[in-house]
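The residues making up each chain are set out below.
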Amino acid sequence: MEVVGIVALVILLLVPSLKKLLNSVAYRIRARGKAEIIRAERGGDHPRRAPSGEGKQAKQGKGRMR
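Numbers given for residues are sequential positions, taken from 1 along each chain in its written order. pLDDT decides what is reported in this predicted model: residues at 70 or higher carry local features, side-chain atom pairs at 80 or more are listed and counted, and totals for whole chains, interfaces and linings draw on all residues regardless. Excluded from the side-chain calculations are hydrogens and water; all other atoms, namely the structure's heavy atoms, are used.

K.L.:
Just checking my understanding: could you explain the overall build of the protein for this structure?
P.N.:
Per the convention used, a helix needs a DSSP run of H or I reaching at least four residues, while a strand needs a run of E reaching at least two, with both numbered from the N terminus. Within the protein, the secondary structure is distributed over two helices and zero strands. Split into buried and exposed, the 66 residues of the protein put 0% on the buried side. Accessible surface is estimated by sampling points in the Shrake-Rupley manner with a 1.4 Å probe; for residues, cover comes only from the protein chains shown. Carbon together with sulfur atoms contributes 60% to the accessible area of the protein, which is approximately 7000 Å² in total. Three exposure classes are used, based on accessible area relative to the maximum for each residue type with a 1.4 Å probe and protein chains only: buried under 20%, partly exposed in between, and exposed over 50%.

See below:
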């Protein structure tokens, strides 16, 4: 019976931390979803994404001097 009591105590001590973790993950998922909806309403692409092809062309000549 002592083992069951110890296991129950450990579970009771871990429940608040687990609840905080789940709430944090849920908040991040909701925030990401809201941001995605706002971007879709504005009609823009991802702000950090370079238009196709432009980033590669600019980087090829950088740093090489002949």
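K.L.:
Can you help me understand helix α1 (residues 2-42) in this one?
P.N.:
Along an α-helix, a turn takes 3.6 residues, which lines up residues three or four apart on a common side. Between the first and last residue of a helix there are one fewer steps than residues, each counted as 1.5 Å, and that sum is the expected span. Here α1 is 41 residues long and its end C-alpha atoms lie 61 Å apart, about the 60 Å a rise of 1.5 Å per residue gives. By the largest-angle criterion, V15 marks the main kink of α1, which is about 30 degrees, and a proline, P16, follows within four residues. Within α1, only zero of the 41 residues are buried, leaving the element largely exposed. With its phi angle positive at about 80 degrees, G43 sits one or two positions after the end of α1. Bend angle per residue: angle between axes fitted to the 7 residues ending at that residue and the 7 residues starting there.

K.L.:
Which parts of the structure should I look at to understand a nonpolar patch on the surface?
P.N.:
Among the surface-exposed residues, L18, L21, L22, V25 and I29 lie close enough to one another that they form a single nonpolar patch of about 480 Å² accessible area. Its place among the elements puts L21 in helix α1. Without a salt bridge and with relative accessible area above 30%, a residue can belong to a patch; like charges are then joined within 9 Å and nonpolar side chains (Val, Leu, Ile, Met, Phe, Trp, Tyr) within 5 Å. One speaks of a salt bridge when a side-chain nitrogen belonging to Lys or Arg is within 4 Å of a carboxyl oxygen belonging to Asp or Glu.

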